[in-house]
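# Working through the structure, step by step
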Amino acid sequence: MIGVVVVDAGEYPPVLGVPAPLRAALTMQQAGATAVCFSGEGAAAWADAFRRDDRRGVEVIDAAPLREDPRVTVDGGVVFDRATLTRAFASPCLAWIGDAVVLSHRSQGADEVALVDDGAPDLDLAPDALCLRAREPADVALVEDGLLQRLRKPQDGIVARALNRSLSLSLTRVLARTPLRPNDLSFSILFVGLAGAALASTGERLPLALGGLLFQAQSVLDGCDGELARVTFRGSKLGEWIDTVGDDITNYAFFGALGAGLWRAGLGEGALWLALAAVSLGSLCSLIEYRLPLTPSAAETS
């Protein structure tokens, strides 16, 4: 299946650090495209930009061979969510026109579907589908809001929903405009957590309070690396491992340091034993969690 991004010679402002045409191509790549091409007045420049992009994982081709190939076509100035394009690639035949948006899919050997704007999309989009133009600053802000809100997780707890996630999404919006990579951020977060643990271990009131604040800051920042990876298409298995192991190191370091700090503050050896129990049980759970992804499935061993 081929993805086609239609572009003109105008400017395309970045959306969370990624220009809309490249975002369209990368989203198509995630949605199942086997190749991507650019069409229109600005096609050559955007095709070259995508070829040089280290996130590219599919072939970039010219428009000429597309006559009989199945394809999905999108306006390069419009941002789609991944689920919408995944559905487009999976559909046998569809057409939809919205606000300067075109999705079309040609079945092998069939005539192209007529694109008629009758006010009712042929493609039954999900209620929360994202399909918005991103050419003006006001539009870009709206699109970024939509992309960021899709990073919320249903498993987030009360504190994460009410505080941490809102803060991390605001930070991710800023971080996406910088050259910072998600793995670089993960390592930085590790040092924030370890600094909090070091302060907590002193047993003195002010350092202990500052250590707690750093631990909370680490918890907020911990959402940013994954969010940044998703909105900038830089997720990887290595990044997942760095994030997971870094979280565990900072959590267990802080709990152990907190127990030592409370013991130094005169609260008795019970604080040490509680900290030891927490770190031991947590480490056991982490080892089990690390082991599961590495265990071959029954299908793989049969």
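The preceding data block contains the structure.
A word on the overall build of the protein chain. Across its full length, the protein chain carries 10 helices and 10 strands. Scored against the burial criterion, the 302 residues of the protein chain give a buried share of 41%. Residue pairs at least 24 apart in sequence account for 72% of intrachain contacts in the protein chain once pairs closer than 6 positions are excluded.

Interhelical geometry of helix α4 (residues 137–149) versus helix α5 (residues 158–175) gives an angle of 130 degrees and a closest axis separation of 11 Å. If you check the angle between α4 and α5, you find them oblique. Crossing of α4 against α5: the hand is right-handed. Contact with α4, carried on its side by Ala141, Glu144, Asp145, Leu148 and Gln149, involves Leu169, Thr172 and Arg173 of α5 and no other residues of that element. Each residue belonging to the contact of α4 with α5 can be placed in one class, and the counts come to three nonpolar, two polar and three charged.

Attention now moves to a nonpolar patch on the surface. Where nonpolar side chains cluster on the molecular surface, the patch consists of Phe187, Phe191, Leu194, Trp241, Val245 and Ile249 and spans about 540 Å² of accessible area. Where the nonpolar patch is concerned, the elements lending two or more residues are α6 (182–200) and α8 (237–267). On the secondary structure map, Ile249 appears in helix α8. Residue class for Ile249 comes out partly exposed when judged on its relative accessible area of 40%.

What follows concerns the nonpolar core. Among the nonpolar cores identified, the biggest contains 48 residues, and Val5, Met28, Val36, Phe38, Phe50, Val74 and Val79 are the most heavily contacted of them. With seven residues, the single largest contributor to this core is helix α1 (residues 20–31). Residues within four places of Val79 in sequence aside, it is in contact with Val15, Ala20, Arg23, Leu130, Cys131, Leu132, Ala134, Val143 and Leu147.

Looking now at the packing of aromatic side chains. Counting across every chain of the model gives five aromatic pairs. Plain terms: the ring middles of Tyr12 and Trp46 are 5.7 Å apart, the flat faces sit at 90 degrees to each other, and that makes the pair edge-to-face. Of this pair, Tyr12 sits in the loop between β1 (2–6) and β2 (14–15) while Trp46 sits in helix α2 (residues 43–52); the two residues are 34 residues apart in sequence, bridging distant segments of the chain. Here Tyr12 matches Trp46 in class, with each residue buried. Every member of this aromatic cluster is reached through a ring pair, and the members are Phe215, Phe254 and Phe255. When the ring centre of Tyr12 is taken as origin, the NZ or CZ atom of Arg135, which lies over that ring, is 3.8 Å away.

Turning to the side chain of Asp156, a few remarks are in order. Topologically, Asp156 is positioned in the loop between α4 and α5. We classify Asp156 as buried; its relative accessible area is 10%. Each residue touching Asp156, except ones within four places of it in the same chain, is listed here: Arg161 and Arg165.

This part covers α5. Under the 1.5 Å per step criterion, the end-to-end length of α5 is 25 Å for 18 residues, consistent within 8% with the ideal 26 Å. By the largest-angle criterion, Asn164 marks the main kink of α5, which is about 45 degrees. Here α5 has its buried residues at Ala160, Asn164, Arg165, Ser168, Leu169, Thr172 and Leu175. Against the buried residues of α5 lie α4, α6 and α7 (205–231).

Take the pairing of strand β6 (residues 71–75) next. Both faces of the sheet carry side chains from a regular strand, because those side chains alternate between them. Extensive coverage of β6 is indicated by the burial of five of its five residues. With burial as the criterion, each face of β6 is covered, one bearing Arg71, Thr73 and Asp75 and the other bearing Val72 and Val74. Here β1 pairs with β6 via five bridges, running parallel. Across the sheet, Val4 pairs through a bridge with Thr73, a residue of β6.

Once that is clear, we can look at the packing of α1 against helix α3 (residues 82–90). Running from N to C, α1 and α3 cross one another at 60 degrees; their axes reach a closest spacing of 8 Å. By the angle between their directions, the pair α1 and α3 is classed as oblique. Every pair of crossing elements has a handedness; the one defined by α1 and α3 is right-handed. Across the interface between the two elements, Ala24, Thr27, Met28, Gln30 and Ala31 of α1 pack against Arg82, Leu85, Thr86 and Phe89 of α3. Each residue belonging to the contact of α1 with α3 can be placed in one class, and the counts come to five nonpolar, three polar and one charged.

Okay, unusual backbone geometry next. Although it is not a glycine, Leu16 adopts a positive phi angle of roughly 50 degrees. As for its position among the elements, Leu16 is in the loop between β2 and β3 (18–19). Notably, Phe233 is not glycine yet its phi reads approximately 60 degrees, a positive angle.

Parameters and conventions
- Residues numbered from 1 in each chain as written.
- Predicted model: local features only at pLDDT ≥ 70, side-chain atom pairs only at ≥ 80, totals over all residues.
- Heavy atoms only, no water.
- Helix = DSSP H or I, 4+ residues; strand = E, 2+ residues; numbered from the N terminus.
- Buried < 20%, exposed > 50% of the residue type's maximum accessible area, 1.4 Å probe, protein only.
- Contact = heavy atoms within 4.5 Å.
- Axes fitted to C-alpha atoms, helices over the stretch in contact; angles between N-to-C directions.
- Parallel < 35°, antiparallel > 145°, perpendicular 65-115°, else oblique.
- Left-handed = near helix turned anticlockwise from the far one by under 90°.
- Nonpolar A, V, L, I, M, F, W, Y, C, P; charged D, E, K, R; others polar.
- Patch = residues over 30% accessible without salt bridge, like charges linked within 9 Å, V, L, I, M, F, W, Y side chains within 5 Å.
- Areas by Shrake-Rupley, 256 points an atom, 1.4 Å probe, with all protein chains shown as cover.
- Salt bridge = Lys/Arg side-chain N within 4 Å of Asp/Glu carboxyl O.
- Core = buried A, V, L, I, M, F, W, Y, C linked by side-chain atoms within 4.5 Å.
- Phe/Tyr/Trp six-rings, centres within 6.5 Å; stacked < 30°, edge-to-face > 60°.
- Lys NZ or Arg CZ within 6 Å of the ring centre and 35° of its normal.
- Expected span 1.5 Å × (residues − 1).
- Bend = angle between axes of the 7 residues up to and from the residue.
- Pairing = 2+ DSSP bridges.

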